[in-house]
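Residue strings, one per chain:
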Amino acid sequence: MGPAHSGTTLLSLLLSMNPEISTIGELKATSRGEIRSYRCSCGEYILECPFWLDVKRSADAHGIEFDLENFGTHFVGNGMLSDKLLYSSLREPLFESMRDFLIGAFGGIQSFRDRVKHANRVLVEILMEKMGGSIFLDGSKDPVRLKYLAQIPEWDIKVIHMVRDGRATSYSYMKNYGITMERAAGEWRQTCNEFPNIERFIDSGNIYFTRYEDLCADQGSVLDEIFKFLGVGNDLSDNDFSKQHILGNSMRLTADFNNVKMDNRWRSALSKEDLACFSRIAGDINTGYGYV
């Protein structure tokens, strides 16, 4: 769980080196662009990757709606009303109670939600069977998605909550999406405001908080703490990324995971006006995460 561009793909890849943890990165499998040119982290085009073709055969045998262009694991795509109701930001308990009531009132939306939950559960079982390990890691990040996954009774969910300095994350938003600092800081603040609400569905003892900067500064210690939190050993023997099948941020194809360095380009790229704008909109939340 965390804002986009906060280092979650990096963390997912590092955790995947532990043979007890299976992951494909973002299980919701969105934002892949042109599917014919999208590469799996193993280097193969996803439409030609033997691993994913085998997953599709197994999914077909289990009778779930799965396609390499649409995994059927994202709670979006059932129509405008459904998408707005199911996937608007996670909010305070009164709003969430109203959301649940309305989902129940619209049978088609409830059926779609339950079908997607079932697809997630079955696909994870398929992936675990093929990848091994005792824990599956979903790097999809979204708190409202986490709410629905927490409703799957077969799963015992723990949450890794990861953040990065909001100024750095907002700079990434500006650079990648061509938006102003005012909008970037507002979107970052809105996302961060969702996180406290997840404790209604996940016990606080099952949430581990970490920061991108701490991971870069002392990778070994942070990973050891996470492994302890998950109840697994700290074995990192499975470090051949050419054998991994991870989706998400394109950095998974190029990064040197044996030499992780912190990206501080925002410090020289943001103007005084940008920094002042961020401070005005989201500085209080950033301070709460321990950033000066």
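Computed from a prediction, not measured in an experiment: that's the story for all the values here.

**Q** Teacher, can you tell me more about the side chain of Ser140 here?
**A** Mapped onto the fold, Ser140 is located in the loop between β2 (135-137) and α6 (143-149). For Ser140, a relative accessible area of 1% corresponds to the buried category. With residues up to four places along the chain from it excluded, the contact list for Ser140 reads Gly25, Glu26, Leu27, Lys28 and Arg145.

**Q** Looking at this structure, how should I read the side chain of Ser170?
**A** Summarising the element assignment, Ser170 is placed in helix α7 (residues 166-177). Among the polar contacts made by the side chain of Ser170, one reaches the main-chain carbonyl oxygen of Gly166 at a distance of 2.8 Å. Residues contacting Ser170, with those up to four places away along its chain left out, are Met181, Ala184, Ala185, Trp188 and Phe278.

**Q** Just checking my understanding: could you explain the environment of Thr210 for this structure?
**A** Position of Thr210 among the secondary structure elements: in strand β4 (residues 207-211). Overall, the relative accessible area of 4% leaves Thr210 in the buried class. Between the C-alpha atom of Thr210 and that of His161, which follows or precedes it by 49 residues, the distance is 6.3 Å. Setting aside residues no more than four positions away along its own chain, Thr210 makes contact with Ile160, His161, Met162, Val163 and Val222.

**Q** Where do I start with unusual backbone geometry in this structure?
**A** Note: most peptide bonds trans; most residues except glycine with negative phi. A positive phi angle is found at His5, which is not glycine, with a value near 65 degrees. Considering the arrangement of structural elements, one finds His5 in the segment before α1 (8-15). Despite not being glycine, Ala29 shows a phi value in the positive range, around 55 degrees. By the secondary structure assignment, Ala29 is in the loop between β1 (21-23) and α2 (50-61). On the basis of relative accessibility, which here comes to 10%, the residue Ala29 falls in the buried class.

**Q** What's the story with the state of the cysteines in this structure? I'm lost.
**A** Two cysteines whose sulfur atoms are joined by a covalent bond form what is called a disulfide. Inspection of every chain in the model, using the stated rule, returns zero disulfides. Distance from the sulfur of Cys40, which forms no disulfide, to the nearest cysteine sulfur (Cys42) is 3.7 Å. Looking at the unpaired Cys277, the closest cysteine sulfur is the one in Cys192, lying at 15 Å.

**Q** When you look at α7 in this model, what are you seeing that I'm missing?
**A** Quick reminder: α-helices carry 3.6 residues per turn. Residues three or four places apart thus point the same way. Between its terminal C-alpha atoms α7 stretches 16 Å, which fits the 16 Å expected from twelve residues at 1.5 Å a residue. Within α7, nine of the twelve residues are buried, which leaves it mostly tucked inside the rest of the structure. The complete set of buried residues in α7 reads Gly166, Arg167, Ala168, Thr169, Ser170, Tyr171, Ser172, Tyr173 and Met174. At the C-terminal side of α7, Gly178 shows a positive phi close to 65 degrees.

**Q** Sorry if this is basic, but what is going on with a nonpolar patch on the surface here?
**A** Where nonpolar side chains cluster on the molecular surface, the patch consists of Leu81, Met98, Phe101, Leu102 and Phe106 and spans about 510 Å² of accessible area. The element best represented in the nonpolar patch is helix α4 (residues 93-105), accounting for three residues. Inspection of the secondary structure assignment puts Phe101 in helix α4. Residue class for Phe101 comes out exposed when judged on its relative accessible area of 61%.

**Q** What am I meant to see in the packing of aromatic side chains here?
**A** Two descriptors summarise a pair of aromatic rings, namely the distance from one centre to the other and the angle between the planes of the rings. If you walk through the whole model with that rule in mind, you get nine aromatic pairs. When the centroid spacing of 4.7 Å and the interplanar angle of 45 degrees are considered together, the rings of Phe66 and Phe71 count as tilted. The structure contains a cluster of three or more aromatic residues connected by ring pairs, namely Phe51, Trp52, Phe66 and Phe71. For the cation-ring pair, Arg91 lies above Phe95, with the distance from its terminal atom to the ring centre recorded as 4.4 Å.

**Q** Just checking my understanding: could you explain the pairing of strand β3 (residues 159-163) for this structure?
**A** In regular strands, side chains alternate between the two faces of the sheet. The element β3 is extensively covered by neighbouring structure, given that five of its five residues are classed as buried. Neither face of β3 is left uncovered, since the one carrying Val159, His161 and Val163 and the one carrying Ile160 and Met162 both have all their residues buried. Bridge count between β3 and β4: five bridges; the pairing is parallel. Along β4, the bridge assignment pairs Ile160 with Tyr208.

**Q** Teacher, can you tell me more about helix α5 (residues 107-131) here?
**A** Here α5 contains 25 residues, and its C-alpha end-to-end distance of 36 Å stays within 8% of the 36 Å for a straight helix at 1.5 Å per residue. Looking at the residues trailing α5, positive phi occurs at Gly132, about 80 degrees.

**Q** Could you clarify how one ought to interpret the pattern of salt bridges in this entry?
**A** Two side chains carrying opposite charge are able to pair once their charged atoms lie near each other. Counted by the stated rule, this structure contains 20 salt bridges. For Lys130, the salt bridge identified is with Asp54, shortest N-O distance 3.0 Å. Placement of Lys130 in helix α5 and of Asp54 in helix α2 is noted, with a sequence separation of 76 residues between them. Note on Lys130: relative accessible area 31%, which makes it partly exposed. Among the ionic contacts, a cluster of salt bridges with common partners joins Glu96, Arg99, Asp100 and Lys147.

About the thresholds
Residue numbers here run from 1 along each chain, matching the order of that chain's written sequence. Confidence filtering applies because this is a predicted model: local features only for residues at pLDDT of at least 70, side-chain atom pairs given and counted only at 80 or more, and all residues used for totals across whole chains, interfaces and linings. Each side-chain value is worked out from all heavy atoms of the structure, with water and hydrogens disregarded. To qualify as a helix, a DSSP run of H or I must reach at least 4 residues; to qualify as a strand, a run of E must reach at least 2; elements of each kind are numbered from the N terminus. Each residue's exposure class comes from its accessible area (1.4 Å probe, protein chains only) as a fraction of the maximum for that residue type: buried when under 20%, exposed when over 50%, partly exposed otherwise. The contact rule is simple, with two residues in contact once any of their heavy atoms fall within 4.5 Å. Pairing of N or O atoms within 3.5 Å defines a polar contact, subject to two protein rules: one partner must be a possible hydrogen donor and the other a possible acceptor, and residues neighboring in sequence count only if both atoms are side-chain atoms. The rule for a disulfide is simple: a pair of cysteine sulfur atoms within 2.5 Å. One less than the residue count of a helix, multiplied by 1.5 Å, gives the span that helix is expected to have. Residues enter patches when their relative accessible area tops 30% and they take part in no salt bridge; the joining distance is 9 Å for like charges and 5 Å for the nonpolar side chains Val, Leu, Ile, Met, Phe, Trp and Tyr. All accessible-area figures derive from a Shrake-Rupley calculation using a 1.4 Å probe, and residue coverage is judged against the displayed protein chains alone. Salt bridge, as used here, is a side-chain nitrogen of Lys or Arg placed within 4 Å of a carboxyl oxygen of Asp or Glu. Two rings from Phe, Tyr or Trp (for Trp, the six-membered ring) form a pair when their centres are within 6.5 Å of each other. A pair whose planes differ by under 30 degrees is stacked, one over 60 is edge-to-face, and the rest are tilted. Any Lys NZ or Arg CZ that is within 6 Å of a ring centre and within 35 degrees of that ring's normal is treated as a charge sitting over the ring. By this definition, two strands are paired if DSSP reports at least two bridges between them.

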